[in-house]
Amino acid sequence: MKNELTLKPSMIINMDKQEIIHQAQVMVDEFDVSLKDPLVQLAIISKFQILFETVDKGIKQKSIDELHKLGGKHNVHGVEFAIAEVGTSYDYTATKKWNDLEDQISFLKRQQKEIEGFCKAITNFTTTVDPDTGEAHEFYPASKKSTTSIKKTVK
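Moving on, we get to the overall build of the protein chain. In terms of regular secondary structure, the protein chain is built from four helices and four strands. Its helices and strands taken in sequence order, the protein chain reads α-α-α-β-β-α-β-β from the N to the C terminus. Against the globule reference of 15 Å for 155 residues, the protein chain gives a C-alpha radius of gyration of 27 Å, more extended than a compact globule. In terms of principal-axis extent, the alpha carbons of the protein chain reach across some 75 × 50 × 30 Å. Here the protein chain holds 155 residues, and the buried ones make up 6% of them. Across the protein chain, the fraction of contacts at a sequence separation of at least 24, relative to all contacts at a separation of at least 6, is 31%. Accessible area for the protein chain stands at about 13900 Å²; split by element, carbon and sulfur atoms hold 57% of it. Across the protein chain, 21 positive and 23 negative side-chain charges occur, with their mean positions spaced 6 Å apart.

As structure tokens, this is what we get:
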């Protein structure tokens, strides 16, 4: 069937990135003009994403081992692979000054969360007075922003 999503390795292995993007756009255009339900196509794509992510995770360590044997870099069918250290993190907790600042930041973050909760709850401009200092504070209702998307759950 012309509008059926079909994926074969032989179709994609020799394509470069631009050709893949072009083919994806052709598929999107075909979905737009087809009578097939676009949600069926999205369901197929969602399941392929799970399939590919699972395979990718499953062969990652073997691929890293192979890249080590090949000097850390290798090109296969136009895909450049290179070993990279990612997700580097540092531990600063041995430094007292850093810990002091972290405590202050945590305290301020808690105060900020309280204000955020208050601003979410009010519907009109509100002024409060701090009983300890007599200082007046102005609060405005929080404005809400969101992006429309599709939540996908494959069962």
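A few words now on the pattern of salt bridges. Opposite charge on two side chains makes pairing possible when the charged atoms of those side chains draw close. Enumeration according to the criterion identifies three salt bridges in this entry. As a salt-bridge pair, Asp-100 and Lys-96 come within 3.0 Å of each other at their nearest N and O atoms. One end of the pair is Asp-100 and the other is Lys-96, both in helix α4 (residues 96-121) and four residues apart, which spans about a single turn. What makes Lys-96 exposed here is its relative accessible area of 60%. Its salt-bridge partner being Lys-113, residue Glu-116 comes within 3.6 Å of it at the nearest N-O pair. Taken together, the positions of Glu-116 and Lys-113, both in helix α4 and three residues apart, correspond to about one turn of that helix. Its relative accessible area of 33% is what places Glu-116 among the partly exposed residues.

A word on the confidence of the model for the protein chain. Residue-level pLDDT values for the protein chain average 91, and 95% of them are 70 or greater. Within the protein chain, α4 carries the highest mean pLDDT (98), whereas helix α1 (residues 9-12) carries the lowest (84).

Now for the packing of aromatic side chains. With the rule as written, the count across this model stands at five aromatic pairs. Where Phe-48 meets Phe-52, the ring centres are 5.6 Å apart and the plane angle is 15 degrees; that geometry is what we call stacked. Taken together, the positions of Phe-48 and Phe-52, both in helix α3 (residues 38-69) and four residues apart, correspond to about one turn of that helix. Here a set of aromatic residues connected by ring pairs shows up, and it is made of Tyr-90, Tyr-92 and Trp-98.

Okay, the pairing of strand β3 (residues 126-129) next. Here four bridges tie β3 to strand β4 (residues 136-139), and the two strands are oriented antiparallel to one another. Paired with Thr-127 across the bridge in β4 is Glu-138.

Moving on, we come to unusual backbone geometry. One non-glycine residue, His-77, lies in the positive phi region at around 50 degrees. Looking at where His-77 falls in the secondary structure, it is placed in the loop between β1 (73-76) and β2 (79-82).

Now for a nonpolar patch on the surface. Together, Leu-51, Phe-52, Val-55 and Ile-59 make up a nonpolar patch on the protein surface, roughly 350 Å² of accessible area in all. Considering the arrangement of structural elements, one finds Leu-51 in helix α3. Residue class for Leu-51 comes out partly exposed when judged on its relative accessible area of 44%.

Taking 1.5 Å per residue, 32 residues should reach 46 Å; α3 reaches 44 Å between its end C-alpha atoms and fits that length. At Lys-60, α3 shows its maximal bend, which comes to roughly 45 degrees. For α3, the complete set of buried residues consists of Gln-41, Ser-46 and Leu-67. Measuring from the side-chain oxygen of the N-cap residue of α3 to the backbone nitrogen of Leu-39 gives 2.8 Å; that N-cap residue is Asp-37.

Reading the values: the criteria
Residues numbered from 1 in each chain as written. Predicted model: local features only at pLDDT ≥ 70, side-chain atom pairs only at ≥ 80, totals over all residues. Heavy atoms only, no water. Helix = DSSP H or I, 4+ residues; strand = E, 2+ residues; numbered from the N terminus. Rg over C-alpha atoms; globule rule 2.2 N^0.38 Å. Buried < 20%, exposed > 50% of the residue type's maximum accessible area, 1.4 Å probe, protein only. Contact = heavy atoms within 4.5 Å. Areas by Shrake-Rupley, 256 points an atom, 1.4 Å probe, with all protein chains shown as cover. Lys, Arg positive; Asp, Glu negative; His and termini not counted. Charge placed at Lys NZ, Arg CZ, Asp CG, Glu CD. Salt bridge = Lys/Arg side-chain N within 4 Å of Asp/Glu carboxyl O. pLDDT = per-residue confidence, 0-100. Phe/Tyr/Trp six-rings, centres within 6.5 Å; stacked < 30°, edge-to-face > 60°. Pairing = 2+ DSSP bridges. Patch = residues over 30% accessible without salt bridge, like charges linked within 9 Å, V, L, I, M, F, W, Y side chains within 5 Å. Expected span 1.5 Å × (residues − 1). Bend = angle between axes of the 7 residues up to and from the residue. Polar contact = N/O pair within 3.5 Å; in protein donor to acceptor, adjacent residues only side chain to side chain.

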